[in-house]
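Coordinate analysis (summary)
Chain residues, written in single-letter form:
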Amino acid sequence: MTSRAAARHCVSARPGSPVRAGPTCTFHVRPCARRTAAGWGWQGDSSTNYDLLTTAFPHPDSYRAYEDELDAREPLEENFPDYDAYQQAWKQWDAEYEVFQERKTSGAVFIRDNGCGFSTLLVVTGPHRGTMWFDGRATCDQIVPLHLGGRPV
């Protein structure tokens with residue numbers, strides 16, 4: 001399918017509906033790109049943090065040590081004199097953890113929601129730009145590169 005034909009499908013097919021791209025290939029329509037006051041983005045995309053697109057996508061090896069250290073610092077209720085003190089400490093830790101999780105996808109656009117918390121990412125910034133990654137954090141807490149025949153996709 002040519003990009004012009006895909007653009008027609010983008011307009012004429014419902015997002016998420018299957019489209020035949022040839023005798024053996026079917027893909028699901030991604031919502032169209034649109035421009036807003038904030039800039040360009042995917043219509044219906046609530047996962048991509050467009051403010052972080054100019055930041056290079058971090059290879060998972062670059063943050064493993066920090067993630068281990070952050071996990072080790074998770075507050076445990078038995079280490080606090082009362083539940084309120086524990087909750088306050090845990091909320092502060094959780095806020096730091098949320099920022100860290102958001103930064104794991106810096107420089108990448110969520111191009112497909114695979115369901116159940118899984119996504120496909122297209123890296124647009126940094127040394128890995130142009131490659132696609134599978135975000136499997138919903139179950140295995142990993143973001144891994146997609147390969148086809150031993151080569152990056």
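Residues numbered from 1 in each chain as written. Predicted model: local features only at pLDDT ≥ 70, side-chain atom pairs only at ≥ 80, totals over all residues. Heavy atoms only, no water.

Remarks on helix α3 (residues 83–103)
Which entries qualify depends on this criterion: Per the convention used, a helix needs a DSSP run of H or I reaching at least four residues, while a strand needs a run of E reaching at least two, with both numbered from the N terminus. Expected helix span is given by 1.5 Å per residue-to-residue step, counting one fewer step than there are residues. The contact criterion used is simple: two residues touch if any of their non-hydrogen atoms lie within 4.5 Å. Contacts described as polar in this section are N or O atom pairs within 3.5 Å, which, within protein, must combine one atom able to donate a hydrogen with one able to accept it, while residues neighboring in sequence count only if both atoms come from side chains.
Taking 1.5 Å as the rise per residue, α3 with 21 residues should run 30 Å; its terminal C-alpha atoms sit 30 Å apart, in good agreement. Buried positions along α3 lie against α2 (64–72). The residue sitting at the N-terminus of α3 and contributing the capping side-chain oxygen is Asp82; that oxygen lies 3.1 Å from the backbone nitrogen of Asp84.

A word on empty space enclosed by the protein
Rule in force here: Throughout, the protein atoms alone are placed on a 1 Å grid, and a set of points is a cavity if a 1.4 Å probe fits but cannot get out or a pocket if it is open with protein on both sides within 12 Å along at least five of seven lines; lining residues have an atom within 4 Å of a point. Grid points are joined across faces, edges and corners, and a volume is the space filled by probe spheres set on the points. Any residue outside Ala, Val, Leu, Ile, Met, Phe, Trp, Tyr, Cys, Pro, Asp, Glu, Lys and Arg is labelled polar, Gly included; the first ten of those are nonpolar and the last four are charged.
Inspection of the entire model under this criterion finds 1 cavity of 30 Å³ or more. If you add up the space inside the largest cavity, you get close to 30 Å³. Forming the walls of the largest cavity are Thr48, Asn49, Leu52, Leu53, Thr105, Ser106, Gly107, Ala108 and Phe110. When the residues that make up the lining of the largest cavity are grouped by side-chain class, the tally is 4 nonpolar, 5 polar and no charged.

Quick look at the packing of aromatic side chains
Threshold: For Phe, Tyr and Trp, rings pair up if their centres lie within 6.5 Å, where Trp contributes its six-membered ring, and each pair is then called stacked (planes under 30 degrees apart), edge-to-face (over 60) or tilted (otherwise). Using a 1.4 Å probe on the protein chains alone, a residue whose accessible area is under 20% of its type maximum counts as buried, one over 50% counts as exposed, and one in between counts as partly exposed.
Considering all chains together, one arrives at 9 aromatic pairs under this definition. Each ring, one from Phe57 and one from Trp133, has its centre 5.0 Å from the other, and the planes form 55 degrees; the classification is tilted. Of this pair, Phe57 sits in the loop between β4 (39–42) and α2 while Trp133 sits in strand β7 (residues 132–135); the two residues are 76 residues apart in sequence, bridging distant segments of the chain. Of the residues examined, Phe57 reaches a relative accessible area of 3% and is grouped as buried. Feature note: the residues Tyr63, Tyr66, Trp90, Trp93, Tyr97 and Phe100 constitute an aromatic cluster, connected by ring pairs.

Some thoughts on the confidence of the model for the protein
It should be kept in mind that the predicted coordinates are not to be read in detail where pLDDT is low. Quick note on the threshold: Confidence of the prediction at every residue is given by pLDDT, a number between 0 and 100.
Looking at the protein, pLDDT values average 79 and 72% of them are 70 or higher. Across residues 1–29 the pLDDT falls below 50, and counting only partners more than four positions away or on other chains, this stretch makes 34 contacts in the model.

Some words on the sheet that holds strand β6 (residues 118–123)
For the record, the criterion: Strands pair, by our definition, only if DSSP identifies at least two bridges between them. Lines fitted to the C-alpha atoms define the axes, with helices restricted to the stretch that makes contact. Angles between their N-to-C directions range from 0 to 180 degrees.
Pairing within the open sheet is antiparallel, and its 4 strands lie in the order β5-β6-β7-β8. Of all the strands in the sheet, just β5 (108–115) and β8 (143–145) have a single pairing partner and so form its edges. The sheet shows a mean angle of 25 degrees between the axes of neighbouring strands, taken without regard to direction. Where β7 and β8 come together, 3 bridges link them in antiparallel fashion. Bridge pairing links Trp133 to Pro145 in β8.

Some points on the side chain of Lys104
Considering the arrangement of structural elements, one finds Lys104 in the loop between α3 and β5. A polar contact is formed between the side chain of Lys104 and the side chain of Glu67, at a distance of 2.7 Å. Apart from residues no more than four positions distant in its own chain, Lys104 is found in contact with Phe57, Pro58, Tyr63, Glu67, Arg137, Asp141 and Ile143.

Some details on the nonpolar core
For soluble globular proteins, nonpolar side chains are generally found buried alongside one another. Filter applied, for reference: Only buried Ala, Val, Leu, Ile, Met, Phe, Trp, Tyr and Cys residues count toward a nonpolar core, and they belong to the same one when joined by side-chain atoms within 4.5 Å.
Within the largest apolar cluster, 12 residues are counted, these being Phe57, Tyr63, Leu70, Trp93, Tyr97, Phe100, Ala108, Phe110, Leu121, Val123, Trp133 and Ile143. Among the elements of the structure, α3, β5 and β6 are those that each provide at least two residues to this core. Considering every element that reaches this core, the biggest residue donor is α3, with 3 residues. Apart from residues no more than four positions distant in its own chain, Val123 is found in contact with Phe57, Gly107, Ala108, His128, Arg129, Gly130, Thr131 and Trp133.

Looking at the pattern of salt bridges
The following threshold applies: Each reported salt bridge corresponds to a side-chain nitrogen of Lys or Arg within 4 Å of a carboxyl oxygen of Asp or Glu.
If you walk through the whole model with that rule in mind, you get 6 salt bridges. We note a salt bridge from Lys104 to Glu67, for which the minimum N-O separation is 2.7 Å. Taken together, the positions of Lys104 in the loop between α3 and β5 and Glu67 in helix α2 put the pair 37 residues apart, joining distant regions of the chain. Where Arg137 meets Asp135, a salt bridge forms, and the shortest distance between an N and an O atom there is 2.7 Å. Its relative accessible area of 21% is what places Arg137 among the partly exposed residues. Under the relative-accessibility criterion, Asp135 is labelled buried at 3%. Because the salt bridges share partners, they merge into one network encompassing Glu67, Lys104 and Asp141.

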